[in-house]
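# Remarks on the overall topology
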Amino acid sequence: MKRKKRILVGKVGLDGHDRGAKILARAFRDAGFEVVYSGLHQTPEMIANMAIQEAVDGVGLSLLSGAHNHLFPEVARLIKEKGADNIVIFGGGTIPDKDVAFLKESGISEIFLPGTSLDIIINWADNNL
Amino acid sequence: MSIADKIKSGDILTMSRLIRDIDDGMPEAEITLQKLFKHSGDSKILGITGLPGAGKSTLTSLLISYYRKQNKRVGVVAVDPTSPFSGGAILGDRIRMQEHNADSDVFIKSVATRGSFGGLSKSVVDIVRIMEAAGKDIIIIETVGVGQDEIDVVRLAGQVLVVTAPGLGDDIQAIKAGILEIADIFVVNKCDLVGAEKAASELKDAAEDNITGDLKPIVMTDSIHIKGIDELTESIDIGFDKFNNDNIKNEYLDRRYRYEIEYKVRDKLTETIRESFENDPVFKDILKAVRDKKMDPYTAVTKIMKNVKLT
Ligand SMILES: Nc1nc2c(ncn2[C@@H]2O[C@H](COP(=O)(O)OP(=O)(O)O)[C@@H](O)[C@H]2O)c(=O)[nH]1
Ligand SMILES: [Mg+2]
């Protein structure tokens with residue numbers, strides 16, 4: 001029996017834009033994933049709880065506010081602390097190249113820089129979740 | 001600790017992983033479910049159905065708040081449709097339940113139909129069992145809400161709310177067509193919008209025409225400004241109080257377990273027959289005989305019924 005892939009598309013923090021996250025969610029659905037969308041303004045704790053309750057394979061975080069260096073590692077830390085270290089976390093949004101190394105050291109498996117095509121993200125998720 | 005013991009202690013990670021295994025059809029999961037059975041059957045199970053956009057998820061969130069104020073532990077199963085094109089799904093119900101995301105006594109599970117009809121996924125009955133064993137006092141099931149034949153929830157839940165709202169198009173007609181009979185309580189939501197009074201009176205007329213016996217309560221709510229929710233929860237409480245009567249409780253349990261067993265038997269039979277057509281030479285011969293017009297399909301059905309290997 002083949003498992004169906006499940007993913008949480010999450011918006012953390014004060015960033016009030018979710019057009020990109022919704023487009024990503026639909027693209028994942030069209031690629032055959034079951035996608036839980038968190039809605040706006042979630043705390044890292046809320047994202048971690050959702051990821052665990054929904055038993056997802058991956059969490060895709062999108063952030064345009066610039067607070068990624070604080071919020072992304074916090075989500076990773078909480079998910080791990082709650083025992084679900086199998087969940088793969090990746091992120092995107094307005095993240096500058098110079099922050100990528102730090103985020104990857106902080107439990108984020110992949111960062112997609114602005115302008116990355118949806119196909120590349122979905123392909124990566126297909127291979128890594 | 002065994003998986004079953006962890007579930008009974010309310011361990012969230014174990015619960016969600018077992019639910020995932022069930023949803024994915026992992027055969028080992030059934031062993032744990034067997035152990036959990038004794039610890040299920042006593043929670044209150046509330047079904048919520050109605051057209052998409054009527055406000056089922058928003059109402060669910062308000063009901064969670066009501067039960068949490070009484071310190072009850074709450075489980076939610078929210079079902080959304082699987083896309084027939086991609087097999088994927090967007091599970092968006094819990095966006096309306098955000099305020100409960102940080103509450104460890106609220107467990108929300110989103111599932112996709114994965115090809116099931118009837119408004120639920122195949123896994124819902126087992127998910128409910130796990131939530132019951134984990135000590136959830138109340139379990140709310142939000143159905144898909146796309147069809148008029150969302151009857152599965154009636155058999156699984158103790159009570160069913162049918163939610164409608166003005167502005168959904170031909171809403172009352174749609175309700176008339178099939179789900180009028182399944183309601184224990186009617187909710188006319190979005191009472192802040194014009195047309196709510198009209199929707200309620202049409203519903204009342206339809207219900208009076210349709211139902212023999214007790215007339216079901218019709219409650220008007222506005223989930224944005226939180227109006228009518230006290231009346232709704234009062235109706236729900238009165239409904240669940242009836243289960244203190246052993247006859248009513250037993251009737252419910254018979255209905256629920258019969259649904260579960262029928263569903264599972266049907267599911268296994270469907271799978272067995274599908275496999276037999278692929279692998280069993282007897283089935284292949286029958287098919288060929290029909291193709292060559294040496295046997296008619298009616299005879300074929302009888303022959304197949306005789307040849308199904310019921311294991
Ligand atoms: N005006 C108004 N809008 C509501 C009310 N209840 C829900 N909504 C809105 O209706 C939309 C659909 O609600 P949702 O709970 O997702 O409906 P569901 O598809 O039945 O689960 C959302 O935009 C809600 O904010 C209400 O009482 N009044
Ligand atoms: Mg909904």
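Please read these numbers as outputs of a predicted model, since none were measured by experiment. Numbering of residues starts from 1 in each chain and follows the order in which that chain's sequence is written. A letter from A marks each chain and a number from 1 marks each ligand, given out in the order of writing. Reporting of local features is limited, given that this is a predicted model, to residues whose pLDDT is at least 70; pairs of side-chain atoms are given and counted only at 80 or more, and all residues count toward the totals for whole chains, interfaces and linings. Each side-chain value is worked out from all heavy atoms of the structure, with water and hydrogens disregarded.

With that settled, consider the nonpolar core. Side-chain atoms within 4.5 Å link the members of a nonpolar core, which is a set of buried Ala, Val, Leu, Ile, Met, Phe, Trp, Tyr and Cys residues. The classification of residues rests on relative accessible area computed with a 1.4 Å probe and restricted to protein chains. Under 20% of the type maximum is buried, over 50% is exposed, and intermediate values are partly exposed. Membership of the largest hydrophobic core comes to 72 residues, with the highest contact counts inside it found for B:Leu63, B:Val124, B:Ile130, B:Leu161, B:Leu232 and B:Ile236. Elements are defined by DSSP. Helices are runs of H or I of four residues or more, strands are runs of E of two residues or more, and each kind is numbered from the N terminus. If you tally residues by element for this core, the top one is helix α5 (residues 124–133) of chain B, at seven residues. Contacts are assigned to residue pairs with any non-hydrogen atoms lying within 4.5 Å of each other. The residues touching B:Ile236, leaving out its near neighbours within four places in the chain, are B:Leu46, B:Leu63, B:Tyr67, B:Gln159, B:Leu161 and B:Ile185. Core analysis: the second largest hydrophobic core is formed by 31 residues, A:Ala48, A:Leu78, A:Ile111 and B:Leu91 among them.

With that settled, consider the sheet that holds strand β7 (residues 185–188) of chain B. Residues and elements named next belong to chain B. In space, the seven strands of this open sheet follow the order β4-β2-β5-β1-β6-β7-β8, with parallel pairing throughout. Because the sheet does not close on itself, it has two edges, and the strands there are β4 (106–112) and β8 (218–220). Across the sheet, the mean angle separating the axes of adjacent strands is 20 degrees when strand polarity is ignored. Of the pairings in the sheet, the one linking strand β2 (residues 74–80) to β4 comprises seven bridges and is parallel in character. The residue bridging valine 79 from the neighbouring strand is valine 111, located in β4. Lying on the sheet, helix α4 (residues 56–69) is in contact with β1 (44–50), β2, β4, β5 (138–142), β6 (159–164) and β7; it crosses β5 at an angle near 175 degrees. A strand pair is defined by DSSP finding two or more bridges across the two strands. Working convention: axes come from line fits to C-alpha atoms, limited for helices to the stretch in contact. Angles between N-to-C directions cover 0 to 180 degrees.

Moving on: the interface of chain A and chain B. Taken together, the 32 residues of chain A in the interface contact 29 residues of chain B. Summed over both partners, the accessible area lost on bringing two parts together, with a 1.4 Å probe, is the buried area. Both faces combined, the contact of chain A with chain B buries some 2,600 Å², and carbon together with sulfur accounts for 48% of it. It is A:Arg3, A:Glu34 and A:Gln53 that lose the most area in chain A upon contact with chain B, and together they represent 26% of the buried surface on that side. The salt bridge criterion pairs a side-chain nitrogen of Lys or Arg with a carboxyl oxygen of Asp or Glu, the two atoms within 4 Å. Where chain A touches chain B, the interface holds five salt bridges. Between B:Arg94 and A:Glu54 there is a salt bridge whose closest N-O contact spans 2.6 Å. Counted as a polar contact is a pair of N or O atoms within 3.5 Å, where, for protein atoms, one must be capable of donating a hydrogen and the other of accepting one, and residues adjacent in sequence contribute only when both atoms are in side chains. The interface formed by chain A and chain B contains 26 residue pairs in polar contact (both at pLDDT 80 or more). Elements that contribute at least two residues to the side of chain A that touches chain B include exactly α1 (19–30), β2 (34–37) and α2 (44–53) of chain A.

This brings us to the packing of aromatic side chains. Here is the rule: rings of Phe, Tyr and Trp (six-membered ring for Trp) pair when centre to centre is within 6.5 Å. Planes less than 30 degrees apart are stacked, more than 60 are edge-to-face, and the remainder are tilted. By the definition in use, this model includes 11 aromatic pairs over all chains. When the ring of B:Phe277 is compared with that of B:Phe283, the centres are 5.2 Å apart and the planes differ by 85 degrees; the resulting orientation is edge-to-face. According to the relative accessible area criterion, B:Phe277 is partly exposed, its value standing at 32%. Three or more aromatic residues joined by ring pairs form one cluster here, namely A:Phe28, A:Phe33, A:Phe90, A:Phe112 and A:Trp124. Charge-over-ring contacts are defined here by two conditions on Lys NZ or Arg CZ: a distance within 6 Å of the ring centre and an angle within 35 degrees of the ring normal. Positioned above the aromatic ring of B:Tyr263, the side-chain terminus of B:Arg266 is 5.5 Å from the ring centre.

Our next topic: the pattern of salt bridges. In the structure shown here, the tally under the stated rule is 36 salt bridges over all chains. With a closest N to O distance of 3.0 Å, B:Arg20 and A:Asp57 form a salt bridge. Linking B:Arg20 in helix α2 (residues 12–23) with A:Asp57 in the loop between α2 and β3 (58–63), this pair reaches from one chain into another. Comparing B:Arg20 with A:Asp57, the two get one shared label, buried. Each of A:Arg3, A:Arg6, A:Glu34, A:Glu54, A:Asp57, B:Arg20, B:Asp21, B:Asp23, B:Asp24, B:Arg94 and B:Arg114 takes part in one network of salt bridges that share partners.

Glancing now at the environment of B:Phe243. All names here are of chain B. As for its position among the elements, phenylalanine 243 is in the loop between α9 (229–241) and α10 (246–279). Of the residues examined, phenylalanine 243 reaches a relative accessible area of 17% and is grouped as buried. Not counting residues within four places of it along the chain, the set of residues in contact with phenylalanine 243 comprises Gly158, Gln159, Ile248, Lys249 and Tyr252.

Looking now at the site of ligand 1. Residue and element names in this part refer to chain B. If even one non-hydrogen atom of a residue comes within 4 Å of a molecule or strand, that residue is called near it. The environment of ligand 1 is formed by 17 residues, the closest being Gly53, Thr58, Arg96, Asp192 and Ser223. Separating an oxygen atom of ligand 1 from a side-chain N or O atom of serine 57 is a distance of 2.9 Å. One of the side-chain N or O atoms of glutamate 142 is found 3.1 Å from an oxygen atom in ligand 1. Here, Shrake-Rupley sampling with a 1.4 Å probe gives the accessible areas, and only protein chains in the shown set may cover a residue. When ligand 1 is considered free in solution it has 580 Å² of accessible area, and contact with the protein chains removes 78% of it. Top contributing element to the shell around ligand 1 by residue count: α4, with three residues.

All names here are of chain B. Relative to the helices and strands, threonine 60 is located in helix α4. Overall, threonine 60 belongs to the buried group, its relative accessible area being 0%. With near-sequence residues (within four places) excluded, threonine 60 lies in contact with Ile48, Val76, Met97, Ile140 and Glu142.

Quick look at the coordination of the magnesium ion (ligand 2) now. Residues and elements named next belong to chain B. The rule for donors is simple: N, O or S, within 2.8 Å of the metal, or within 3.2 Å if the metal is Na, K or Ca. Water isn't counted, so a site may look like it is missing partners. Coordination of the magnesium ion (ligand 2) by the protein involves Ser57 (OG), Asp93 (OD) and Glu142 (OE), with metal-donor separations of 2.1 to 2.2 Å. Of note, the magnesium ion (ligand 2) draws all its donor residues from one chain, in the sequence arrangement S-x35-D-x48-E. Highlighted residues: serine 57 in helix α4 and aspartate 93 in the loop between β3 (89–91) and β4, separated in sequence by 36 residues.

Geometric values such as these leave the question of function open.
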